[in-house]
Amino acid sequence: MDTYRIGSFSFSSRLFVGTGKYVTFEQMSAALDASEAEVVTVAVRRDCLTEAGGAREDSILDHIDMDRFTILPNTAGCFNAKDAVRAARLGRELLEGQGNKGFNWVKLEVLGDRKTLLPDPIGTLEATEKLIELGFEVLVYTNDDPILAKRLKDAGAASVMPAGAPIGTGLGILNRNNIRLCLETLKDGDPDFPVIVDAGVGTASDVAVAMELGADGVLLNTGIAGANDPVRMAKAMAHAIQAGRLAYQAGRIARKPYATASSPMEGLIEATT
Amino acid sequence: MQVIVNGKERELTGNISVSDLLDLYELEPIRAAVEINEELVPRATFSNTTIKPGDRIEIVTFVGGG
């Protein structure tokens, strides 16, 4: 089996899926199932606090099989290191309560700008260091900058997760060369260090591209949840993970500027004059 | 006493713990995580953590996210 490790975890599915933006919990559950993911992300937010006797809204925790999935809490929406650390600690407390094995890890996001939702590199590094001090296994969302990626790995991140494109844009892998450089830098002398491409995926081919470049996995949410048929798209993403992974393992041919014939040039019938 | 719960002012009476506050909202403690004045309150201490006037309390749970 083609398994890989992230920190203390071992997985065979290379697709991480988010749980946001689904129209209904039923649709979400069906899409999670179809994606074949083992890891699903959730966010920490204020409870809606219905007073005693009032009708409570359904909780997402009623719709995720806690025994099947490893929950990865995120710090989405945090714009400084301090808030991200607070969110991570709250998430850990919640998951411990649920008895889910994902309680000690976190998908760290420290965002720098509300329009692009691009990461704040300084805050991201600060929060990574602090969370590691607090005993977390940190999967850190970052720009596709190989130098910063290396700094985050050196700080002790369990996985570095460069963005393919800004969150929710569906623009795909905008800078393949940077993702390739991130992979090369992070895996230099440490080929099993897990690198997950996170964010920006629009459709199945984007997932395949990330995997063909040698990523260990892809994390996405909107690409599935926002599709016209999320369950079908979840299946497509699962296939793309397989296709991209196999292609990476198989080793692609070199790119060449001119044609080379696939059929023999010998034994041709006499050419018309 | 006046406190702030999830950004809203709220009047509480008597000696009230975090556990009591969650009861008011019919929230199961295992489904909530709590901060008071930006400090995490571990679940094990919910029942012996007393809320004080002016406390800013955050009660959070999980929602869908990516």
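Summarised in this report is the structure supplied together with it. What you are looking at is a predicted structure, and each value in this text was computed from that prediction instead of being measured.

So, about the interface of chain B and chain A. Facing the 28 residues of chain B at the interface are 36 residues of chain A. Here chain B meets chain A over a buried area of about 3000 Å², counting both sides, of which 54% is carbon and sulfur. Among the residues chain B hides against chain A, the three largest losses belong to B:Arg31, B:Phe62 and B:Gly66. Together they make up 27% of the total. Linking B:Glu58 and A:Arg46 is a salt bridge whose minimum nitrogen-to-oxygen distance equals 2.7 Å. Where chain B packs against chain A, one counts 16 residue pairs in polar contact (both at pLDDT 80 or more). Elements with a contribution of two residues or more to the side of chain B that touches chain A: β3 (33-36), β4 (39-41) and β5 (56-64) of chain B. Sorting elements by how many residues they give to the side of chain B that touches chain A places β5(B) first, with seven residues. Residue classes in the side of chain B that touches chain A are distributed as 15 nonpolar, six polar and seven charged. Two strands pair when backbone bridges link them, and strand β4 (residues 39-46) of chain A and β5(B) are joined in this way by five bridges, in the antiparallel orientation. Looking at the pairing, A:Arg46 lines up with B:Val60 of β5(B).

Parameters at a glance
- Each chain carries its own residue numbering, running from 1 in the written order of its sequence.
- Here every chain gets a letter starting at A, and every ligand a number starting at 1, in the order they are written.
- Under the rules for a predicted model, residues below a pLDDT of 70 receive no local features and side-chain atom pairs below 80 are neither given nor counted, while totals for whole chains, interfaces and linings still include all residues.
- Working from all heavy atoms in the structure, the side-chain values ignore hydrogens and water.
- Should any heavy atoms of two residues lie within 4.5 Å, those residues are counted as being in contact.
- Note on terms: buried area is the combined drop in 1.4 Å-probe accessible area of two parts once they are placed together, counting the loss on both.
- Salt bridge, as applied in this entry: a Lys or Arg side-chain nitrogen positioned within 4 Å of an Asp or Glu carboxyl oxygen.
- Nitrogen and oxygen atoms within 3.5 Å of one another constitute a polar contact, given that in protein one can donate a hydrogen and the other can accept it, and given that sequence-neighbouring residues count only through two side-chain atoms.
- Only DSSP runs of H or I with at least four residues qualify as helices, and only runs of E with at least two residues qualify as strands; both kinds are numbered from the N terminus onward.
- We call Asp, Glu, Lys and Arg charged. Ala, Val, Leu, Ile, Met, Phe, Trp, Tyr, Cys and Pro are nonpolar, and the rest, Gly among them, are polar.
- Any two strands with at least two DSSP-identified bridges between them are counted as paired.

So, to be careful, I would describe these as geometric facts and stop short of saying anything about function.
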